[in-house]
Amino acid sequence: MPPPHPSGQPENEQPGQGQQGQGQPGQGQPEPGQPGYGQQGQDQPGYGQPPWHGQQLGSGDLGYGQGQQGYGQQGYAPQPSFEPAPGPRNGYGQDQRYGQTQGYGQQGYGQQGGYGQDPRYGQQQGHGQDPRYGQQPGYEQQGQDQPGYGQPPWHGQPGSGTAGYGQQGYGQGQGQQGSLGQLGFGEQPGQQGRGQQGYGQQGYGQQPGPHQSAVYGPRDYSSGDYAPPGYQPPAGNDGRAKHGGGGGRRRKRTMIALIAGAVAVVLVAAVVGYKVVAGPGAPATGFVPSGSTPAQDAAQITTAFLQAWQTGDYAKAANYTDHPAAAQAALTANTRYLNLKKMTGSAGNVTAATSASATATTPQTVTFGVNDVVSTGTGAGALRGTWSYHSTLTAYQKANSNVWFIAWKPDVIAPNLTATTHLAAAVAPPQVVSVTDASGNALTTYNDAGLNRISALLQKGAPPGQGKPGLNVQIETAKGQPVANSQAVVVAPQNIADLSTTISQQAENAARNAVAMHPKSAMVVIQPSTGKILAIANNAGQNDFALTAAVAPGSTMKVITSTALISSGALTANSPVACPAAFTVTGITYHNDQKESEPPGTPFSTDFAQSCNNAFSTQYQHLTGGASLAATAQKYYGLNQKWNIGLGSLSASYFNAPASATGSELAQEAFGEGQLIASPIAMASVAATVANGTFKQPILVDGIKQVTATPLPASTDSQLKEMMRDVVTSGTAAGLGFGPDVYAKTGTADIQGQDQPNSWLVAFDPSKDVAVGTLVVNAGYGAQFAGPEAKAFLDRY
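Residues numbered from 1 in each chain as written. Predicted model: local features only at pLDDT ≥ 70, side-chain atom pairs only at ≥ 80, totals over all residues. Heavy atoms only, no water.

## A short note on the overall build of the protein chain
Here is the rule we go by: Secondary structure counts use DSSP, requiring at least four H or I residues in a row for a helix and at least two E residues in a row for a strand, with both numbered from the N terminus. Note on definitions: a residue-residue contact is assigned when non-hydrogen atoms from the two residues lie within 4.5 Å. We get accessible surface area from the Shrake-Rupley algorithm with a probe of 1.4 Å; when it comes to residues, only the shown protein chains can shield them.
Helices and strands together make up the secondary structure of the protein chain, namely 14 helices and 20 strands. Once local pairs closer than 6 in sequence are excluded, the contacts in the protein chain between residues at least 24 apart make up 72%. Total accessible area on the protein chain is roughly 31,600 Å²; 50% of this is exposed by carbon and sulfur atoms.

The following block contains the structure:
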């Protein structure tokens, strides 16, 4: 790497290998939105509705979920027509002769409403037949009111022989002989003849017999496969009916924020009795309800699901869904992330999901309430509270079956969850209503970028030890990051009405006036005896350089370098140290500004006062081990680690010296260049530490726990004070006119790609118990720009 260019600095501060720009750590946090859990109110997709085959008859509508028809197809009957019947189209509670014209074939036994079908759907009088043919008087019995939803259509064509009046369709086994001819449903057209096999519809609890008029009992739920021969449910969804079948609309994915403090009143459904039929025919997954309406069936499966969920039987709860593995994993993770102690749930409102062209059972949308006892952890100090909210699910009946399922999606657990997010219990820090200076004036009245940002940060979260935290439930990403505006308050935090900071009105006004001397200026003022931050002032637009600047400290770093050399015994303030005009290490040559040099025998304090760079670079071999710059910065000055100065829970490192520096890198760091990073608050703290003899971590709020450090050895501290006083009396700051009690160190740091160096000065005045760190970006020499600003402050304070 070529040697750096001379910068013409009268301080002999060699421009080094250049620190890039003023990258600022972002201290902003996203503004919290209104919390709360909302419900997705969009149309639910039509789950499990297989298309119906060949049900379009003449000009009539598509047959909507036709029930079991009377099984005797009329012989020689012309193709029936469909005329809508007047009145309500809901088939529940229909006449017992539903689906038949008078006297022709048997009644539609055990048949519930066909969802708006004409009572004469699909039947017409045969030609020339006796109205009572094949029908014994007195056998017209009440149907069993079994729902007609979810049944497939029958594809029968009119036979060419006489009608199959010999057998009642229910209870007929495979291979049963017809009495007069071909059974009229599911047959190929034109087949006739005596003794043809009837297509053995599986019996619903009824014994078959020739020429019988069956009396129909309830459905036998253990009967296994209820599909008619030759029918296969649509493919997809692990062999179950596809979601959205029948052209149902997809639900819009409208994001609705979680409603804070979700309504605690849970909608409790009327208790509906049900039983699960055991035995070899019971479904391995899904649920067999016993309701008399789809809404009751949906409420029953929801209640069963919630009961299994609240008892912690996640495998059982998941088996009521159509994706058991995914559901079980999500329910298990939900308990872990919420630290769930207890859960109760109740099914509430049930509404039918709409579907534009569905022809199967309409899926039922169920709104249910949940009460979760959640916690921030398992320890004695963990916060705990009850979170009440509502969610929704969709229940549907599997095609050609009496088995119901819950359509599994992550947002069944709670609204707005996805496959990549989860709920979590989180500590809610107390917030601050108003942030003031030590005198009660709002920080925002100073119109300073740094103070405005501090006020905003503190309003979002109080400093540690202030107020009392609360408990939120929030949505988090897979990486544990909270989703904006997803917080629901479980336990409200105890907020702070007014938070007083350490900012001094007098110091702040003096600092604001001082930085007004030059653009891109920043200043931090600290009280050395306590670490209190008395002023933060910026004159760089909306930039908060006082806290966020990350640039090389220039020759102000020589305070730390001198501390390392003196405390390790390598040098004293009076040790003779030459400062050659040029010095080469590991192939890199460093030149003093304007070819300045100090002869052999020059006291080290003079090298420091004149800020001669190569008097420090030549000592790089002494800056190793415990005397390294990184170790010294942390041991005595509390640097190279994070501080929480009182900005809520925010901690930051305001200085960094790499511990791995060696050779030429270490040589240039010795005079404040290279990979060093510092901000005005860090360098003001360095001056305050020398002033006090012991590091006091800077703080903005009283009561903050402060990082500690080893006190400076008394001899080291004394020599540092002597050397910093020489800067004011005979060194680079001699012409600024500082008073008799001021100690200082100038600094100038060249930055690659920048027109002018950054200007630095740190100083302290023990008589006022005050220390100051000043930075002017892209300005020039430290004594020329930063120095006058520091003096202006000290004169006014």
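## Quick notes on the environment of Ser 767
Put simply, the rule is: Think of a polar contact as two N or O atoms within 3.5 Å of one another; within protein, one of them needs to be a possible hydrogen donor and the other a possible acceptor, and neighboring residues in sequence only count if both atoms come from side chains.
Assignment of secondary structure puts Ser 767 in the loop between strand 19 (758-765) and strand 20 (770-776). Along the chain, Ser 767 and Val 742 lie 25 residues apart, while their C-alpha atoms are 8.7 Å from each other. There is a polar contact of 2.5 Å between the side chain of Ser 767 and the side chain of Asp 765.

## Here we look at helix 13 (residues 714-729)
Spelled out, the test is: A helix is expected to span 1.5 Å multiplied by its residue count minus one. When a residue's accessible area, from a 1.4 Å probe over protein chains only, is under 20% of the maximum for its type it is buried; when over 50% it is exposed; and in between it is partly exposed.
Over its 16 residues, helix 13 extends 23 Å from the first C-alpha to the last, a length consistent with the 22 Å expected when each residue adds 1.5 Å. All of the buried residues in helix 13 are Thr 716, Asp 717, Gln 719, Leu 720, Lys 721, Met 723, Met 724, Arg 725, Val 727 and Val 728. Where helix 13 is buried, its residues contact helix 7 (558-567), helix 8 (604-610), helix 10 (629-637), helix 12 (680-692), strand 18 (743-749) and strand 19.

## What to know about the confidence of the model for the protein chain
To keep it simple, the criterion reads: What pLDDT expresses is the predictor's confidence in each residue, scored from 0 to 100.
In the predicted model, the protein chain carries a mean pLDDT of 74, and 63% of its residues have values of at least 70. Here residues 1-279 scores under 50 on pLDDT; set against residues more than four positions off or in separate chains, the count is 668 contacts.

## Concerning the packing of aromatic side chains
A ring pair, where both rings are aromatic, is described by two values, the distance of the centres and the angle of the planes. Applied cut-off: When the centres of two rings from Phe, Tyr and Trp lie within 6.5 Å, Trp using its six-membered ring, the rings pair. Their planes under 30 degrees apart give stacked, over 60 give edge-to-face, and anything left gives tilted. Geometrically, a charge over a ring is one whose NZ (Lys) or CZ (Arg) sits within 6 Å of the ring centre while staying within 35 degrees of the ring normal.
This structure, assessed with the given rule, holds 11 aromatic pairs. With a centroid separation of 5.7 Å and 45 degrees between ring planes, the pair formed by Trp 643 and Tyr 654 is classed as tilted. A residue pair is termed long-range when its members are at least 10 positions apart, and Trp 643 in strand 14 (residues 643-647) and Tyr 654 in the loop between strand 15 (650-652) and strand 16 (655-656) qualify at 11 residues. A single burial state applies to Trp 643 and to Tyr 654, both of which are buried. Of the aromatic side chains, those joined through ring pairs into one cluster are Trp 643, Tyr 654 and Phe 695. We note Arg 336 situated over the ring of Tyr 337; from NZ or CZ to the ring centre the distance is 4.7 Å. Above the plane of the ring of Phe 608 lies Lys 745, whose end atom (NZ or CZ) is 5.6 Å from the centre.

## So, the environment of Pro 600
Examined against the element boundaries, Pro 600 turns out to sit in the loop between strand 13 (588-591) and helix 8. For Pro 600, a relative accessible area of 72% translates into the label exposed. Distance from Pro 600 to Pro 580, taken between C-alpha atoms, is 8.8 Å for residues 20 residues apart in sequence.

## Examining the environment of Ala 667
Inspection of the secondary structure assignment puts Ala 667 in helix 11 (residues 663-669). Taking C-alpha positions, Ala 667 is 7.4 Å from Phe 616, a pair spaced 51 residues apart along the chain.

## Digging into the nonpolar core
Note on soluble globular proteins: their nonpolar side chains tend to be buried together. What counts here: Among buried residues, those of type Ala, Val, Leu, Ile, Met, Phe, Trp, Tyr and Cys that are joined through side-chain atoms within 4.5 Å constitute a nonpolar core.
The biggest cluster of nonpolar side chains holds 117 residues, and the ones touching the most others in it are Tyr 637, Phe 655 and Phe 793. With residues up to four places along the chain from it excluded, the contact list for Phe 793 reads Ala 507, Ala 510, Ala 511, Ala 514, Met 523, Val 525 and Val 770.

## Some remarks on the pattern of salt bridges
Quick note on the threshold: Only one rule defines a salt bridge in this text: a Lys or Arg side-chain nitrogen within 4 Å of an Asp or Glu carboxyl oxygen.
Scanning all chains against the criterion turns up 4 salt bridges. Across the pair Asp 448 and Arg 512 runs a salt bridge, and its minimum N-O distance is 2.9 Å. Within this pair, whereas Asp 448 is found in the loop between strand 6 (432-436) and helix 4 (449-460), its partner Arg 512 is found in helix 5 (residues 505-515), the two being separated by 64 residues in sequence. When the shortest N-O distance is used, the salt bridge between Asp 717 and Lys 721 registers 2.5 Å. You can see Asp 717 and its partner Lys 721 sitting in helix 13, 4 residues apart, about one turn around the helix. The exposure class assigned to Asp 717 is buried, which follows from its relative accessible area of 10%.

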